[in-house]
Every structure is written in C-alpha cells, then in structure tokens.
Amino acid sequence: MDFMTQQSYSAPGFVNGEVSFWMRSTGRPTPRPALPGDVSADVAIVGAGLTGLWTAYYLKKARPELEIVIIGREFAGFGASGRNGGWMSAEPAGQFRRYAKSGGVEAARALQREMFGAVRESIEVARAEGFSEDLVHDGLVHAATNAAQLARARAHIAEMRQQGWGEGDVFELSPAELGERVRIEGAQGGYWTPHCARVHPAKYTRGLAATVEGLGVTIYEGTTAISVEPHRVHTDRGVVGAKFVVEALEGYTLSLQGKARKLLPMNSSMVITERLSDAQLDAVGWHGAELVGDVAHSFTYMHRTQDGRIAIGGRGVPYNFRSSFDREGRTADSAVLQLKKRLGELFPALSDVRLEQSWSGVLGVPRDWCASVNFDRSSGVLTAGGYVGHGLSGTNLAARTMRDLILGEDTALARLPWIGRRARNWEIEPVRWIGATALYAVYGYADKREYALDAPRTHWTARMANLVSGR
Ligand SMILES: Cc1cc2nc3c(=O)[nH]c(=O)nc-3n(C[C@H](O)[C@H](O)[C@H](O)COP(=O)(O)OP(=O)(O)OC[C@H]3O[C@@H](n4cnc5c(N)ncnc54)[C@H](O)[C@@H]3O)c2cc1C
C-alpha cells in the first residue's frame, strides 16, 4: 500500500470539502425558490451550471419573448462550474483525429477555431455584463519536466502547426523563457498559448446566473430532475412541460433515470495554499495570471489566485466504485497528500507551505472522450457535455450551438463535428471501476518511468493505456 494512503493531512484551520474554496470565499448563495409544482415553458433546462446558464443567456438574447426555466438540484454553480481550476482554455475535449474522422478535417479545424473564439466570447460577455471580477486574460503555460513530456509538448505544437495554427496561437518556450513566467523545478521547456484566461469560478458562474435572471429567465433551485421525456421533465417537485428540453448535467447525468452509464463521473481534486509571502512568490517567479500545467499523463493544473495563493489540481482518486462521490467535495487524504507532494516537486520553496482547503468535483467523461451536442427534433430534447475537464469555454460554445439548433438556424456552429456524436455507454460495474482505476494506475506508473528514463518518448505503458481506453 502506498504510504500516503495511511496518512491524513491536517493543519490549523484546514477545510476539507465545503464545495470549493471559490464558493467559500464568496459565501454560500441565498437559495432561490424551488419549482412550485407543474409549470410549462418554451425551454426547460436541467442543470444550473455553465452549460445551462449560457444556453439560457444566448436563447434569451436572441428571442427575448421565450419563456425559459432552469432546474437545479442545489444552487446555481454548485457543480463543476463553481469548483473548477479556473482555466478558461481553448482545447476541445478529445482528439482532433476523432472529430476529423466523423466530420472531416475542415470541420475539426472549425471546432478548434470556434474554441479559440469561445474564450474571447466568454471574456467579452463577462466584461460587458459586469461579471468579470478576477478574470485576467494572460494565456496558458505547459511546462515539461522530463524528456518524454518535452517530446509530447513538441508533438502538440507540431500537430497545431499541421492544423494551420501559427506562432500567435501556440509557441515553444525554452527553459529560460519558461522561467521568465514561472520557475518550475527541473523544467526542460514547454509551450505557451494566448488562448486562455483565468477566472474565479464561483464569481463567474454566480455573475452569469444573476445576468440570466436579469434577462427574465427563472431559475428554480432545490429541485431534482428525475427523468427527461419528450417535451417534459419529471422532478421531485412537479413536471415541467416544454417545447425544448436541454439536459445540462455533465458529471451528474447519471442522476437521471436510464442515464447511469452515459457519462462517467470523473473526480478531479484540488488543494489551495494559504496566501504566499512575497519571498515565496519571488521564489516561484509566478507574478502574472497565466494558468500553468504540466505535460504528465496524470495531469496537474495550477492557478495563481488574485490574492497570491496557488491552487493545484489533478485526478487524486479518479473514479469511485459505482460512480459514487461526495457531493460537498470532501477529498480523500491520499489525494490531498498527492497534490501537496506534487506542489513541492514543482516548487520546492513551497514544500512546507500550509494548505487551506481541499475539494473535489466531477466532470463528465464519454466513452470516446469527445464532447458532444445532440438534438432530437421529434422529442425536443438536447444534450451537451462530455467536456472532459475543458468545459469552461466548451460550455459557451455548446450553448451557442444549441441556440442555433433550437432556433433552426443554419449557421457554422450548427455544423460543427461534435454535433450528433453518440458514444457508446460505459461498461457495467465492476468492469468500469477496474478499467478506470487501472488506467490511472498505469498513467501514474508511466509518469514515474518517464522521470526515471528521461528518454524523449512516451512510455509504452501509457501508449497502450491510451489505445485500450480509447482516450
Ligand atoms: C475540480 C475540477 C476542476 C476543473 N477544472 C477545469 C478547468 O480549469 N478548465 C475547464 O475548462 N474545465 C474544468 N473543469 C470542468 C468544468 O468545470 C466542467 O466541464 C463544466 O463546469 C461543466 O459545466 P456544466 O454546466 O455542464 O456542469 P456542472 O457545472 O457540473 O452543472 C451541473 C449542475 O446540475 C445540477 N444537478 C445535478 N443533478 C441534478 C438533477 N438530477 N436535477 C437537477 N439538477 C441537477 C448540479 O447541482 C450542478 O450544478 C473542472 C472540473 C472539476 C470538477
């Protein structure tokens, strides 16, 4: 057994769970009323995260006369949208070649172009509507700390060039150039892209929810959807009849009847440090608002907050048997210790820094690891999700796409290759748990071997795991 599973993390004032640091720093929102009974609307949206909120926003902007209701089990932003790493980045979920296979190379390029555009659009709307507090557009750095990671970073740049994206979209950083942005122990280089902004997830989601309400959309909270049928949603508080129903539950999709195996609820865990001193910030050399990640298989993402802390996240315990997870985000001790260790590896000056909070959330992973937007015109049901951890801007693009589909407009968005993708269901238990657990165990092993070998190629075990998992 790993020694870390036998220990627990404790420090004065350390909080484990409570949804997220972002939510705790803004305070729990005042609850909105629950669904009062049976109602009808033009559009019923299930899930008050970014997918649901953005969809309501764009529909209402385009057609102010539409009656739109949103149903949320807890409060708006309770799910991944209020807990994430705050990377508003432009990577579509899944591989380019998969979208190219189903929709053609040009369509796959269009999806990437629209993801670049979704970052800009999300920022512009947040600024125009007044919910851009703490939002800074400073780009994204990926740092490679061994030869295999550097080889993957270079392969990514080469693939982007092949797709037609230039130096203005992504460029390689030498170790010295990387060090000017952030000083990561053992960095051998990396790459930078301007297509990313840092957001405070709770402020952002809460601001969007208030904006949407201001436009005349009704958000019912404390209301659990039980099933979605053609033109109606059954909840624990009544039935919502609607011409169109949008399923926007992502990692929580399994809570709907008949959807238990559609999207795997993958855990992602985060910890955040206390406020760093000037000396500590100087030691890590991270003074800007770029987001920072590594190029490991067990990927680590980091965020330097407005008030000088570092939040670091990754897949501590990626998946629990039978898709269970703690709703309030309590995090396994082993995950907290793993993230603390990783923070110390990347920034030795922070090895003994005090952590203030840990939390976890779930993101939706489809069996083919590609995001999708689906529309069944006869039942009026739309679904969007499967962003695999790239939903901050993906939700915005999915929402504008659903607006066009609902309004029947033949736009470029209505032809993107993620429309109509239907991945098969995940395997039944215990195969699902064994597969997901083994996958991340192999990735962990491959990361260790890549550090040990320091050879410029991906370890064969990770290549095999990618092949078998379809990732
Ligand atoms: C820890 C973590 C870090 C992440 N980091 C990033 C990142 O840095 N960048 C990025 O792009 N993406 C990131 N993601 C992913 C991103 O947050 C999601 O892709 C995105 O927020 C999905 O939004 P959503 O609205 O589809 O789902 P959610 O935000 O999960 O919203 C779904 C909502 O549905 C509600 N609900 C659940 N069940 C029911 C029901 N039965 N009836 C009614 N309502 C229900 C929940 O209350 C929830 O609020 C991260 C995710 C996690 C968990």
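- As recorded by an unreviewed UniProt entry, the protein carries the name FAD-dependent oxidoreductase and is attributed to Leucobacter muris.

1. Brief notes about the pattern of salt bridges
Logical step 1: Under the counting rule described, the total for this entry stands at 29 salt bridges.
Logical step 2: Note that D307 is salt-bridged to R309, the shortest N-O span being 3.0 Å.
Logical step 3: Residue D307 is classed as partly exposed on the basis of its relative accessible area of 28%.
Logical step 4: Relative accessible area serves as the criterion here: at 8%, R309 is assigned to the buried category.
Logical step 5: As a salt-bridge pair, R424 and E427 come within 3.5 Å of each other at their nearest N and O atoms.
Logical step 6: It is possible to trace a salt-bridge network through shared partners that takes in E274, R275, D307, R309, R354 and E356.

2. Some remarks on the side chain of R304
Logical step 1: Its place among the elements puts R304 in strand β15 (residues 301–304).
Logical step 2: Of the side chains with opposite charge, E290 comes closest to the buried, unpaired R304, at an N-O distance of 7.2 Å.
Logical step 3: Within the structure, R304 has its side chain in polar contact with the backbone oxygen of W286 (distance 2.6 Å).

3. A look at the sheet that holds strand β17 (residues 355–365)
Logical step 1: Spatially, nine strands are ordered β1-β17-β13-β16-β15-β14-β5-β7-β6 in an open sheet, and the strand pairing comes out mixed. What marks the edges here is a single partner per strand, and that holds for β1 (15–16) and β6 (171–173).
Logical step 2: The sheet contact formed by β6 and strand β7 (residues 189–193) spans three bridges and is antiparallel. Each bridged residue has a counterpart across the sheet, and for E172 the counterpart in β7 is Y191.

4. Side note on the site of the ligand
Logical step 1: Within the structure, the ligand sits among 37 residues, and T51, E74, S81, W87 and L392 are positioned closest to it.
Logical step 2: Interatomic distance of 2.5 Å between a side-chain N/O atom of S81 and an oxygen atom of the ligand.
Logical step 3: Note that a nitrogen atom of the ligand is positioned 3.0 Å from one of the side-chain N or O atoms of S255.
Logical step 4: The protein chains hide 99% of the 1000 Å² of surface that the ligand would expose on its own.
Logical step 5: Only α2 (50–62), β17 and α10 (391–406) provide two or more residues apiece to the shell around the ligand.
Logical step 6: Formed jointly, the shell around the ligand draws a minimum of three residues from each of two domains, domain 1 (3–14 + 134–198 + 264–366) and domain 2 (31–128 + 201–263 + 367–415).

5. With respect to the packing of aromatic side chains
Logical step 1: In the structure shown here, the tally under the stated rule is 21 aromatic pairs.
Logical step 2: One aromatic cluster is present, built from ring pairs that chain together W54, Y57, Y58, F131 and Y204.
Logical step 3: Lying over the aromatic face of F78, R83 brings its terminal NZ or CZ to 4.7 Å of the ring centre.
Logical step 4: Between the NZ or CZ atom of R109 and the centre of the ring of W165, over which it lies, the distance is 4.8 Å.

Definitions and cut-offs
- Note that residues are indexed from 1 along each chain, following the sequence as it is written.
- In view of the model being predicted, local features appear only for residues whose pLDDT reaches at least 70, and side-chain atom pairs are presented and counted only at 80 or more, with totals across whole chains, interfaces and linings using the full set of residues.
- Side-chain figures throughout are based on the complete set of non-hydrogen atoms in the structure, without hydrogens or water.
- The working definition used for a salt bridge is a side-chain nitrogen of Lys or Arg within 4 Å of a carboxyl oxygen of Asp or Glu.
- The cut-offs for exposure are 20% and 50% of the maximum accessible area for each residue type, with area from a 1.4 Å probe on protein chains only; residues under the lower value are buried, those over the upper are exposed, and the others partly exposed.
- By the criteria applied, helices consist of DSSP H or I runs no shorter than four residues and strands consist of E runs no shorter than two, each listed in order from the N terminus.
- His is not counted, nor are the chain ends, whereas Lys and Arg count as positive and Asp and Glu as negative.
- Within 3.5 Å is the distance limit for a polar contact, defined as a pair of N or O atoms, with the added protein rule that one can donate a hydrogen and the other accept it, and that residues adjacent in sequence qualify only through two side-chain atoms.
- One requirement defines pairing of two strands: DSSP has to find at least two bridges between them.
- Note on terminology: near, applied to a residue and a molecule or strand, indicates that one of the residue's heavy atoms is within 4 Å of it.
- To be clear on the numbers: accessible area is Shrake-Rupley with a 1.4 Å probe, and residue cover counts the displayed protein chains and nothing else.
- These domain limits were set by an automatic method or by a database of domain assignments.
- Side-chain rings of Phe, Tyr and Trp, where Trp is taken by its six-membered ring, are said to pair if the distance between their centres is within 6.5 Å; with planes under 30 degrees apart they count as stacked, over 60 as edge-to-face, and otherwise as tilted.
- A positively charged side chain is recorded as over a ring if its NZ (Lys) or CZ (Arg) lies within 6 Å of the ring centre. The angle to the ring normal must also be within 35 degrees.

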